[in-house]
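Understanding the architecture of this molecule
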Amino acid sequence: MSLEGVITLLACISTLAIFTILYKENPIYRLFEHIFIGLATGYGISILWNQVLKPNWWLPMTAEGKWPWIFVLVVGLMFYTVYIPRYAWMSRLLMVTLMGMAAGVAFQGFARLYIPQLTASFLPLLKPEPPYILFNNVVIVVTIITVMTYFFFSFEHRSRAVKGTASLGRWLLMVAFGAIFGSTVMARMALLTYRLWYLLTAWRS
Amino acid sequence: MAEIVDERVASHRRQSRIIYALLAGLMVLFLLFELRLPFIVGPQSRGLFETVEKLPEDKLALLILNWAPGTYGENYPQTEALIQHFFLAGKPFAIFGVDPVGPTLGHEIAERHAARLGKQYGVDWVTWGYRTLQLPMILGLKRDIPGTIQRDYQGRSLEQFPIMRGIRSARDLSLIVDVTPSATVEIWIQYFHGAVGTPVGYAPTAVMAPEAYPYLQSKQLVGMLAGIKGAAEYAALLDEHYEEELTWKYPPMRAMNAISIAHVLIVALIILGNYQYFTRHRRRREQS
């Protein structure tokens, strides 16, 4: 058998071994699950060194004479001072810097992500072109108002109008969750379909 | 009491096994035999298709592949559909990823179709490879592409490839398409569409698709391929627009047929389960 054939055979055995969980919990499934976790961890470490640290840090530092890159290691190690109470302030220094940066970036990102969505939710309800868009616009506007009412907690929902609006908002949320769950089912089926396709066709190549 | 619970658990397990067997059997049947089920192409897939068709040829499209074998069943056919379209429409593109495996898998697809369609590496397409998802990399990519990426996936300088001539910053990118099972598309919307107006397309797994609809509605996304259904829709559009034969390692149309029959079975079982629940409930009420 060729190397390609051995790889295909291994892939098929692994797939079937993982599928055995559908019958019941068993040692074969556990064995292959552990093999998978071990392989994934080893692969991750190899990628981290070969594709990230080696070309971007080690080689520039050792082969291209960019010796200041050594300070990156020193700065990185400062995170571990969190375990030594006397020097823990060093790790806080890094965390404060990172948190400040993340907050700034998040604020900028928020504006770019959500302001266009806010403006896009102001939709025409009178004579939109083409006319069938009216239905979409009404659904979007009604959903926004009712769902926002549902999540409005500044006062108690006592009035009938507010209660009814919030209740409609909750129902619309349920519809959205149903749609999301339907998509999740489709995604899982798609993954199963591919493995079945692989088991059926892998032997042809 | 414990015996009754054990019996119920055993009964549920038996029922589950029957359902799994039925599901697998039906899906295998629909995978083996090619059937033409009625099929409608949605506006999201059409939006991305039409955007690719209109791309300028002097700019570079960026195909970002942030997926791994875990979502092969959805992201592979999406990638294969997009790569075939870029080649057939003659639009130059670069393969890139912030997941280490995605660009390698995408490169393999591109190589296979390039050989078939007579396309040349470095002229019609290039693989930048994998870079870590860090803010300086994203900002660098926006301002200075050659300075940030520097080398292709094999360590060769990007300057030597004709496809990279004139490509300086995000303004030289005609389109960004993110094929991914995660929410990385928000990065490209924030830093590329939001900052310089680069059009962004999205090819997520079906799980992630509902979260992206607000971006489509606000036109922050030009289009979307939602899971395997999106890939099948794109395959149908390619079939409709191009005379060249399309080839698939994993045909999305056939996969979609198998998934459709699985959905029919699930809906039937939900109805059956509800019928059983309500009749049992009514019987108990009558007895009491």
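Residues numbered from 1 in each chain as written. Chains lettered and ligands numbered in written order. Predicted model: local features only at pLDDT ≥ 70, side-chain atom pairs only at ≥ 80, totals over all residues.

**Side note on the overall build of chain A**
When its secondary structure is counted, chain A shows six helices and zero strands. Ordered by position in the sequence, the α and β elements of chain A form the string α-α-α-α-α-α. Radius of gyration (C-alpha) of chain A: 28 Å, far over the 17 Å computed for a compact globule of 205 residues. By its C-alpha atoms, chain A is 70 × 60 × 40 Å across when sized along the principal axes. When the 205 residues of chain A are sorted by exposure, 6% land in the buried category. Within chain A, counting contacts between residues at least 6 apart in sequence, those at least 24 apart form 19% of the total. (Helix = DSSP H or I, 4+ residues; strand = E, 2+ residues; numbered from the N terminus. Rg over C-alpha atoms; globule rule 2.2 N^0.38 Å. Buried ≥ 20, exposed ≤ 12 C-beta atoms within 10 Å, placed from the backbone. Contact = placed C-beta atoms within 7 Å.)

**Observations regarding the sheet that holds strand 4 (residues 173–180) of chain B**
Residues and elements named next belong to chain B. Spatially, the six strands line up as an open sheet ordered 3-2-1-4-5-6, and their pairing is parallel. The open sheet has two free edges, formed respectively by strand 3 (125–130) and strand 6 (223–224), since each of these has just one partner strand. In terms of strand pairing, strand 4 meets strand 5 (residues 200–204) through five bridges, oriented parallel. By the bridge assignment, Thr180 is partnered in strand 5 with Pro204. (Pairing = 2+ DSSP bridges.)

**Details of the confidence of the model for chain B**
Residue and element names in this part refer to chain B. Looking at chain B, the pLDDT average stands at 92 and 100% of residues meet or exceed 70. Across chain B, the secondary-structure element scoring lowest on mean pLDDT is helix 1 (residues 2–32), at 86, and the one scoring highest is strand 5, at 97. Taken over the whole predicted complex, pTM reads 0.88, whereas the ipTM for its chain interfaces reads 0.86. (pLDDT = per-residue confidence, 0-100.)

**Here we look at the pairing of strand 1 (residues 60–65) of chain B**
Residues and elements named next belong to chain B. A large share of strand 1 lies buried, amounting to six of its six residues. Residues Leu60, Leu62 and Ile64 of strand 1 are buried on one face, and the alternating residues Ala61, Leu63 and Leu65, pointing to the opposite face, are buried as well. Sheet analysis places strand 1 next to strand 4, joined by six bridges and oriented parallel. Paired with Ile64 across the bridge in strand 4 is Asp178.

**Regarding the nonpolar core**
Generally speaking, soluble globular proteins have nonpolar side chains that are buried together. Ranked by internal contacts, the top residues of the largest apolar core, which has 80 residues, are Ala190(A), Leu62(B), Leu63(B), Ala94(B), Ile176(B), Val200(B) and Ile259(B). If one sorts the elements of this core by residue count, helix 6 (residues 160–201) of chain A sits on top with seven residues. If sequence neighbours within four positions are ignored, Ile259(B) has contacts with Met186(A), Met189(A), Ala190(A), Thr193(A) and Ile228(B). (Core = buried A, V, L, I, M, F, W, Y, C linked by C-beta atoms within 7 Å.)

**Details of the interface of chain A and chain B**
Across the boundary between the two partners, chain A contributes 27 residues, which contact 37 residues of chain B. Those elements that provide at least two residues to the side of chain A that touches chain B are helix 2 (27–62), helix 4 (88–120) and helix 6 of chain A. Top contributing element to the side of chain A that touches chain B by residue count: helix 6 of chain A, with 15 residues. A per-class count over the side of chain A that touches chain B returns 20 nonpolar, six polar and one charged. (Nonpolar A, V, L, I, M, F, W, Y, C, P; charged D, E, K, R; others polar.)

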